[in-house]
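# Topology and contacts: notes
These are the residues of each chain, in order.
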Amino acid sequence: MTAPTRWAQALPLLAVLGSVTALGIGTSQAKQLFPVVGSLGTSALRLGFSALLMLLIWRPWRWKLSRADRWSLLRYGIALGGMNLLFYQSLRTIPFGVAVAIEFSGPLAVALFGLRRRTDLLWLALAVAGLLLLLPFAGHGERLDPVGVGYALAAAVCWAAYIVFGKRVDHLHAGHSVALGLSVAALTVVPIGVWHAGTALLDPQVLLFGLGVAAVSSAIPISLEMMALKRLPSSAFGIMISMEPAVAALLGLLVLHEQLSATQWLAIGCTMAAAVGCSLTSRPASPAPDRVPPQPPTITPGST
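What counts as what
Residues numbered from 1 in each chain as written. Predicted model: local features only at pLDDT ≥ 70, side-chain atom pairs only at ≥ 80, totals over all residues. Heavy atoms only, no water. Helix = DSSP H or I, 4+ residues; strand = E, 2+ residues; numbered from the N terminus. Buried < 20%, exposed > 50% of the residue type's maximum accessible area, 1.4 Å probe, protein only. Areas by Shrake-Rupley, 256 points an atom, 1.4 Å probe, with all protein chains shown as cover. Core = buried A, V, L, I, M, F, W, Y, C linked by side-chain atoms within 4.5 Å. Contact = heavy atoms within 4.5 Å. Phe/Tyr/Trp six-rings, centres within 6.5 Å; stacked < 30°, edge-to-face > 60°. Lys NZ or Arg CZ within 6 Å of the ring centre and 35° of its normal.

### Structural notes on the overall build of the chain
Tallying secondary structure elements over the chain gives 12 helices and 0 strands in all. Counted from the first residue to the last, the chain has its helices and strands arranged as α-α-α-α-α-α-α-α-α-α-α-α. Per-residue burial for the chain yields a buried fraction of 56% across its 304 residues. Counting only carbon and sulfur atoms, one obtains 70% of the accessible surface of the chain, whose full area is about 12900 Å².

### Some points on the nonpolar core
As a rule of thumb, nonpolar side chains are buried together in soluble globular proteins. Judged by nonpolar contacts, the single largest core of 75 residues is most densely connected at Val16, Phe87, Tyr162 and Leu182. Contact partners of leucine 182, with chain neighbours within four places excluded, come to Leu47, Ser50, Ala51, Met54, Leu80 and Ile222. Among the nonpolar cores identified, the runner-up in size contains 8 residues, and Leu33, Val37, Leu45 and Ala214 belong to it.

### Section: the packing of aromatic side chains
Tallied over the entire structure, the rule returns 5 aromatic pairs. On the numbers, 6.0 Å between centres and 50° between planes, the contact of phenylalanine 34 with tyrosine 88 is tilted. One end of the pair, phenylalanine 34, is in helix H2 (residues 34-58); the other, tyrosine 88, is in helix H3 (residues 67-90), with 54 residues separating them in the sequence. Across the pair, tyrosine 88 and phenylalanine 34 agree in class, each one buried. Summarising the aromatic geometry, the rings of phenylalanine 104 and tryptophan 159 are spaced 5.3 Å apart at their centres and angled 85° between planes, so their arrangement reads as edge-to-face. On the criterion of sequence distance, the pair formed by phenylalanine 104 in the loop between helix H4 (96-103) and helix H5 (105-113) and tryptophan 159 in helix H7 (residues 146-167) is long-range, its members being 55 residues apart. Judged by its relative accessible area of 0%, phenylalanine 104 falls in the buried class. Its relative accessible area of 0% is what places tryptophan 159 among the buried residues. Over the aromatic face of tryptophan 63 sits the side chain of arginine 62, whose NZ or CZ is 4.7 Å from the ring centroid.

Here it is, written out as structure tokens:
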């Protein structure tokens, strides 16, 4: 095997790893804006600049849309906006890695709904175990703020809706649907962020930082995911994406100094194992990219 061949095989895997890492770094950096503009203002900056970047890159006005596609994109974008807004709300009071693990219950639920084998009960059990270990009524879950957990669960519901509605527009070019979906999400969230943060959003340093967050947490991951999806089977892509909770937890530790208990690490491990299992036993489906529209039952990225 020649070096170029090895590189060609490794490239899509490195792209997914880079996407997950960039997403985590962007979200970790975004949390540092909370004291200045709050979680709502941060969501507005991230989605507003992400939409502008994707519009400039993909120029979606070049393609025509049917009435049915416009309606599907509207629901897809609203779900995407709600997912990001609620996830950032959860980050105010619970650790980054834990929030991602709880939010992962949304796509896991969609994936498990489409599976029918007896072995799928194992993935369901792992997903439920991971969630129960994190919820406030579980053994060590009382350490987590119930309101933050509630926001993360609501974000999980939005992530599930995002997958379902995204599936309805996966016949469109990925750049087309992502640019328009992010635009709808921005129109949904930006007014809320402006209402909350006001003129603090106009500070040049805040705007520049927000632009950087949007590029790192949206433009770069989406581009890398689209490249990987062209070269990887859905199951392999889903397995790689299942690293997201662990990467988020590690970045939360390194960047935000968020310490997790052994139980919380175990819960994250259960969630990742369930995601890997779902990807291994899922039926092949046509790929469609986060924060680019994911396809059930493969687990693909969501809101971090």
